[in-house]
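Listed below, chain by chain, are the residues.
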Amino acid sequence: MKFYNIFILTLLFNSSFAFSQIKPNYKKKLITPLKLSPVDLTTSFALNTALATTAELRGQKSLTKSGLINAWLLGNILYTFGGIEAWSMCSLYFLIGVLVTKFKIKEKEKEGIAEKRCGMRGPENVWGSAATSAICCLLMSSPIDSNLLKLAFVSSMATKTSDTSASEIGKACGKNCYLLTNLKKVPPGTEGGVSIEGTLAGIIGSILIGFYGIEIGWVQDWKQFFIVILSSFIATTVESFLGATIQNDKIFTNEFINFLNTLVGSIVSVLLSKLGDI
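The following paragraphs examine the structure supplied in this document. In this convention, every chain numbers its residues from 1, walking through the sequence in written order. Residues qualify for local features only when their pLDDT is at least 70, as the model is predicted, and side-chain atom pairs are given and counted only at 80 or more; totals for whole chains, interfaces and linings, by contrast, use all residues. For side-chain calculations, the full set of non-hydrogen atoms in the structure is used, while hydrogens and water are omitted.

## Describing the nonpolar core
We define the nonpolar core as a collection of buried residues of types Ala, Val, Leu, Ile, Met, Phe, Trp, Tyr and Cys that are connected through side-chain atoms lying within 4.5 Å of one another. Here the term buried applies to any residue with accessible area under 20% of the maximum for its type, exposed to any over 50%, and partly exposed to those in between, with areas from a 1.4 Å probe on protein chains only. M89, F153, V154 and M157 are the most contacted members of the largest nonpolar core, which totals 40 residues. Segments assigned H or I by DSSP are reported as helices when at least four residues long, segments assigned E as strands when at least two residues long, and all are numbered from the N terminus. Elements with a contribution of two residues or more to this core: α3 (65-102), α5 (123-138), α6 (146-173), α7 (196-215) and α8 (222-245). Considering each element in turn, this core owes the most residues, 11 residues, to α3.

## Side note on the sheet that holds strand β1 (residues 177-179)
A sheet is described by the order of its strands in space; here three strands give the open sequence β2-β1-β3, paired in antiparallel fashion. Of all the strands in the sheet, the pair left with one neighbour each is β2 (185-186) and β3 (193-195). Note: β1 against β2, two bridges, orientation antiparallel. Following the sheet pairing, C177 is matched in β2 by V186. Strands are treated as partners if at least two bridges between them are detected by DSSP.

## Comments concerning the packing of helix α2 (residues 38-57) against α3
The axes used here are C-alpha line fits, helices contributing only the stretch in contact, and every angle between their N-to-C directions lies in the interval 0 to 180 degrees. Viewed as axis vectors pointing N to C, α2 and α3 meet at an angle of 145 degrees, and their least axial separation amounts to 9 Å. Relative to α3, α2 is oriented so that their crossing is right-handed. Counted together, D40, L41, T43, S44, F45, L47, N48, T49, L51, A52 and E56 of α2 and K65, L68, W72, G75, N76, Y79, T80 and W87 of α3 form the full contact between these two elements. Classification used: nonpolar for Ala, Val, Leu, Ile, Met, Phe, Trp, Tyr, Cys and Pro, charged for Asp, Glu, Lys and Arg, polar for all others including Gly. Grouping the amino acids of the contact of α2 with α3 by side-chain chemistry returns nine nonpolar, seven polar and three charged. Crossing handedness is defined as follows: a turn of the near helix away from the far one that is anticlockwise and smaller than a right angle gives a left-handed crossing, while the clockwise case is right-handed. Residue contacts are counted whenever heavy atoms from the two residues lie within 4.5 Å of one another.

In C-alpha cells:
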C-alpha cells in the first residue's frame, strides 16, 4: 500500500500544475483510423503481462485470478487502441478504487457492508467498471470526433471513480445516509443510500480524474473539465436512484448498474459538450 500512496501523492503534486496547461481548443478533428503495428501490440502485451505476472507472484489481493485475467485483457484493449493515456487513466482509477475499498475494511466487514471476497474484484467488476471505457477506445479506430471520444472516455472513468469513492467512503465514514428516492434515513451500505461524506468523496474522485485528463491532454479546456465533473455527478446520482429501485441479483445486478452508470456519464458529457457548442 505504500507504493499506492506514493503514486497518488505524486499524481496530486503533478496535478497542481495542471490548470496552467489548459489551452482552449474548439476545433473538431477527426482522428486517423488507427493502424495497429507489431510494436504497439508487442509493447501492450509485454507491459500488461509483466504487471499481471508480477502482481500474481507477489500475492496481490485486489483481483481474483479470473479478475486478473480479464484485467489483463482490458489493459491490452486500452493500451492498443487508446495508448498509454487511456491505460494509465484506468490504472489511476484502479489504484484509487483499491485505496478507498481497503479503507476501514475491517469495520466494513464487521458491519457486513464490505465488498465481497474481502474487496477482491472479479471479471464482472472489471467489465462493469470499464466496458464503456473499452468501447470508447475501440471506437478510436473509426473516423469519429477524437475530442468527443476522449471526453467520453475521461467522463466514464471519472464517473466510476466517483461512484466507487462515494460508496466506499460513505460506508466507512457516512454518519447519516438517506435513500435517494424518499430521503428516509437508512444504514450505511444500503443500495441507493447517499451521505454527505460519500458525496464529497465522489466529487473529489472525479476531480482527480479530471486533473489527470488535463495532464494527458484529453481534457482540453475549462468547459470540458467542468463537463467531466458535472456528468459524473449526474451519472452517479442516476446510479443511486437505479440502485434503490431496480437493482437485483438477476438482470439488473450491481455490475450491470455500474455499466449503465459509466455509460450515462459518457453520454451526458457528450450531450453537454454539444449543447455548449450551440
